[in-house]
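Chain by chain, the residues:
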Amino acid sequence: MSWEHIKIPNGETSIFCNVHIKSKTAMNIIVTHTPIVTTVEMEQAYKPFEKYDVNVFAFDFSGTGKSDGNPKAFSRKSFVTDLDVLTTYIERNYSLNIHLYGNTGIGGMIAQYYATTSEKVISFAQFSCINYKDTAGGLNGFPYFIAKALCLVLKILPEIKISLNPPKYQGYRHEEDNAFYENLEKKYPHLWKTSTKGMLQTLLELFVAKDSAVKNSVAIPTLVFKVLHDRYFDPEYFDKYYQSLTCKKKIIEINGVHNSYYLDSELFCKHVYEWFMEHSS
């Protein structure tokens, strides 16, 4: 079967999902991505899964991409609800053998948050990660006190749009890494314009909110990718996160760049598939 676009009911709205189905009984992989473009744009990052005996569900969060909803309503609650809706849909129509792959930058962070709250996912793999309160290492260099203050201010201020451009990068494979963003910017001229109500506030809360679920270690088996030339994360940031995990875990070092999850997707998907197979029910 080829890739198919479906809409999954989510209350009065629906979630857009790019799916590849092998069989009713195959292992199921949910893929999350940074919600600034539709998942279809990121298909290369997870397309290599189609060679394996798995069902793939790559989706757009409510209010983003091709899914219904208000972008300003994007929140921790909304993305947890979206993932609950999707896992329930899979349970009803396929098998309970469900695994979660958080790729791209924020996609891995959101997936980490969900992996600490859900009992429906058997194992987890993530490209990026959150060390709670360590905003300087994982949030574009924001000192913690600034991130916390900004989070409080955004709750009071009316919505505005601000640009959150990626950090400049020169170094190993910078031509490919920069070209990835340049190509996206040609298609989406306002790619980096971010609403202060919704995406930015939610991202800050992941790191600093008192009730952020990332204060807790993921409990299910977790695969962590450590990328050596990431424009957002120092290698030590991945090490710190990995060391904090109290679950069964594995770290894979990739001599790559931030967008290697996309540029080297065959390699990433192979490691993810093998990890999920090891923990399949």
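Scroll up to find the structure.
So, here is what we can say about the structure in this document.

Conventions used here
- Residues numbered from 1 in each chain as written.
- Predicted model: local features only at pLDDT ≥ 70, side-chain atom pairs only at ≥ 80, totals over all residues.
- Heavy atoms only, no water.
- Salt bridge = Lys/Arg side-chain N within 4 Å of Asp/Glu carboxyl O.
- Helix = DSSP H or I, 4+ residues; strand = E, 2+ residues; numbered from the N terminus.
- Buried < 20%, exposed > 50% of the residue type's maximum accessible area, 1.4 Å probe, protein only.
- Pairing = 2+ DSSP bridges.
- Axes fitted to C-alpha atoms, helices over the stretch in contact; angles between N-to-C directions.
- Contact = heavy atoms within 4.5 Å.
- Right-handed = clockwise from strand over helix to strand, strands pointing away.

1. Some remarks on the pattern of salt bridges
One pass over the structure, following the stated rule, counts 17 salt bridges. The salt bridge involving Lys-51 is made with Glu-266; its shortest N-O contact spans 2.8 Å. With a gap of 215 residues between them, Lys-51 in the loop between helix 1 (43-46) and strand 4 (54-59) and Glu-266 in helix 10 (residues 265-278) connect regions that are remote in the sequence. Glu-274 is the salt-bridge partner of Lys-270, the closest N and O atoms lying 2.8 Å from each other. Placement of the pair is Lys-270 and Glu-274 together in helix 10, with a separation of four residues, close to one helical turn. Residue classification places Lys-270 among the partly exposed residues on the basis of a relative accessible area of 38%. Connected through shared salt-bridge partners, Glu-43, Lys-47 and Glu-50 make up one network.

2. With respect to the sheet that holds strand 10 (residues 249-257)
Sheets are built from strands that pair by backbone hydrogen bonding, the pairs being arranged parallel or antiparallel. If you trace the eight strands from one edge of the open sheet to the other, you get 1-2-4-3-5-6-9-10, paired in mixed fashion. With partners counted over all chains shown, the strands left at the sheet margins are strand 1 (4-10) and strand 10, one partner each. Taken pair by pair, the neighbouring strands of this sheet meet at an average axis angle of 25°, ignoring direction. As paired strands, strand 2 (residues 13-20) and strand 4 are joined by four bridges and run antiparallel to one another. Bridging from a neighbouring strand, Asn-18 pairs with Ala-58 of strand 4. Together, strand 3 (27-32), strand 4, strand 5 (98-102), strand 6 (123-126), strand 9 (222-229) and strand 10 form the strand contacts of helix 10, whose direction differs from that of strand 9 by roughly 160°.

3. Side note on unusual backbone geometry
In this model, Lys-133 sits at a positive phi of 75°, which is unusual for a non-glycine residue. One can find Lys-133 in the loop between strand 6 and helix 4 (135-138). Here Lys-133 falls in the partly exposed class, since its relative accessible area comes to 43%. Positive phi values are uncommon outside glycine, yet Arg-173 reaches one of about 55°. By the element assignment, Arg-173 lies in the loop between strand 7 (161-163) and helix 6 (174-187). Of the residues examined, Arg-173 reaches a relative accessible area of 18% and is grouped as buried.

4. Description of helix 3 (residues 105-115)
Buried residues dominate helix 3, accounting for 11 of its 11 residues. Taken residue by residue, helix 3 has Gly-105, Ile-106, Gly-107, Gly-108, Met-109, Ile-110, Ala-111, Gln-112, Tyr-113, Tyr-114 and Ala-115 as its buried positions.

5. Some words on the pairing of strand 9
Most of strand 9 is tucked away: six of the eight residues are buried. Across three bridges, the pairing between strand 6 and strand 9 is parallel. For Phe-124, the partnering residue across the bridge sits in strand 9 and is Thr-222. Relative to strand 10, strand 9 runs parallel, the two being bridged by seven bridges. By the bridge assignment for strand 10, Val-224 is matched with Ile-251. Once you follow strand 9 into helix 8 (residues 235-244) and on to strand 10, the crossover reads as right-handed.

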